[in-house]
Every structure is written in C-alpha cells, then in structure tokens.
Amino acid sequence: MWVELIQEVRVAQTGVQILFGFLLTVVFQPKYERLTHTDQVIYIVTVVLGAATTGALIGPVSLHRLVAGRRVKPQAVRWASRLTFVGLVLLLATMTASLLLILRVATHDGYLPWLVAVVVAWYLMCWFALPLWIRRRYTSR
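Residues numbered from 1 in each chain as written. Predicted model: local features only at pLDDT ≥ 70, side-chain atom pairs only at ≥ 80, totals over all residues. Heavy atoms only, no water.

(A) Looking closely at the overall build of the protein. Across its full length, the protein holds four helices and zero strands. Starting at the N terminus and ending at the C terminus, the protein contains elements arranged as α-α-α-α. Principal-axis analysis of the C-alpha atoms gives the protein an extent of 55 × 35 × 20 Å. Here the protein, with 141 residues, has 33% of them falling under the buried criterion. Side chains of the protein carry 14 positive and 5 negative charges; the gap between the two charge centres is 18 Å. (Helix = DSSP H or I, 4+ residues; strand = E, 2+ residues; numbered from the N terminus. Buried < 20%, exposed > 50% of the residue type's maximum accessible area, 1.4 Å probe, protein only. Lys, Arg positive; Asp, Glu negative; His and termini not counted. Charge placed at Lys NZ, Arg CZ, Asp CG, Glu CD.)

(B) The packing of aromatic side chains, seen in detail. One pass over the structure, following the stated rule, counts four aromatic pairs. Between Tyr-123 and Trp-127, the ring centres sit 4.8 Å apart and the planes meet at 10 degrees, which makes this aromatic pair stacked. One end of the pair, Tyr-123, and the other, Trp-127, are both in helix H4 (residues 112–138), four residues apart, so they sit about a helical turn from each other. Overall, Trp-127 belongs to the partly exposed group, its relative accessible area being 27%. Ring geometry for Trp-133 against Tyr-138: centres 6.1 Å apart, planes inclined by 85 degrees, an arrangement best described as edge-to-face. (Phe/Tyr/Trp six-rings, centres within 6.5 Å; stacked < 30°, edge-to-face > 60°.)

(C) Structural view of the packing of helix H1 (residues 2–26) against helix H2 (residues 37–67). For the pair H1 and H2, interaxial distance at closest approach is 9 Å and the crossing angle is 150 degrees. Judged on the interaxial angle alone, H2 and H1 are roughly antiparallel. Both H1 and H2 take part in a crossing whose hand is left-handed. Taken together, the residues of H2 that come into contact with H1 (itself represented by Trp-2, Ile-6, Val-9, Ala-12, Gln-13, Val-16, Gln-17, Phe-20, Leu-23, Leu-24 and Val-26) are Tyr-43, Thr-46, Val-47, Gly-50, Ala-51, Thr-53, Thr-54, Leu-57, Ile-58, Pro-60, Val-61 and His-64. Grouping the amino acids of the contact of H1 with H2 by side-chain chemistry returns 16 nonpolar, seven polar and no charged. (Axes fitted to C-alpha atoms, helices over the stretch in contact; angles between N-to-C directions. Parallel < 35°, antiparallel > 145°, perpendicular 65-115°, else oblique. Left-handed = near helix turned anticlockwise from the far one by under 90°. Contact = heavy atoms within 4.5 Å. Nonpolar A, V, L, I, M, F, W, Y, C, P; charged D, E, K, R; others polar.)

(D) Spotlight on the pattern of salt bridges. Overall, the coordinates contain one salt bridge when judged by the stated rule. Between Arg-104 and Asp-39 there is a salt bridge, with its nearest N and O atoms 2.4 Å apart. A residue pair is termed long-range when its members are at least 10 positions apart, and Arg-104 in helix H3 (residues 73–106) and Asp-39 in helix H2 qualify at 65 residues. Accessibility expressed as a relative area gives 24% for Arg-104, which makes it partly exposed. Residue class for Asp-39 comes out buried when judged on its relative accessible area of 3%. (Salt bridge = Lys/Arg side-chain N within 4 Å of Asp/Glu carboxyl O.)

Worth remembering: the numbers are spatial, not functional.
Laid out in structure tokens, this is it:
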C-alpha cells in the first residue's frame, strides 16, 4: 500500500507545485495592483490554500523518510493516507479559489458563480463521489 500511496502523491504533487509556483508569481505582475480588493483577498486565500496543499501532499514523503526502518509501516501508511486525503480536499479548495479568481479577472458576467459551481461539482464527482461509489459497489463484505 505504501508504494501505491507514494505514487498517487507523486502525481498530485507535480500539479500542485506547478499551480503554487504560478500563484507565487502573480503578485509581481503589474496587473496585480489593479485588482479589486476582493480579488486581492481571493488571491491571498488561494496562495495560503496552495501552500497548505503543498504541505499536506509533501507530508507523506517526509513521514516516510523520517520513520523508515522503525517498524511502523502500518501506522505510517495510515497517517500518510490521511495527509493525502487532506491534501486532496485542500487541492479542491485551491483549484476552486484559483478558478474563481481567474474567471473574475477574465469576465464579470453573472454566470461566473454557476460556472465555478459546475467545475467544483465535476471535481467532487471525479475525486470523491465516483471512488466512494466504486468502493461501496465492488468491495466485498
């Protein structure tokens, strides 16, 4: 289970690190000063969420490195799995905030909240609802 978990984290980490790196550069763009106060707050929240997501998804790697050889693999896998799940929830929040900010800057149309809600619903279905349904449907009791 450990190898599978680390592979899953590796995939998520790459995307989070790219997104977080991009977010860190936004504040240095000339257009940042012209953002509304609300958009600047959304940006700050998004950066903090991105930092928290990065921490949660890198956590299992650090956990593995610090407890390797200590005969606590079942506990390490359990805690790494929890950190990964928290990281996925934080990733959902980071992606939502990023999408909201980008779409607010790109357009100010009234359909914006609906568009963000549809994308969030898609994330929820792909990341949580479908896996939980499969787990429930195909797990033997």
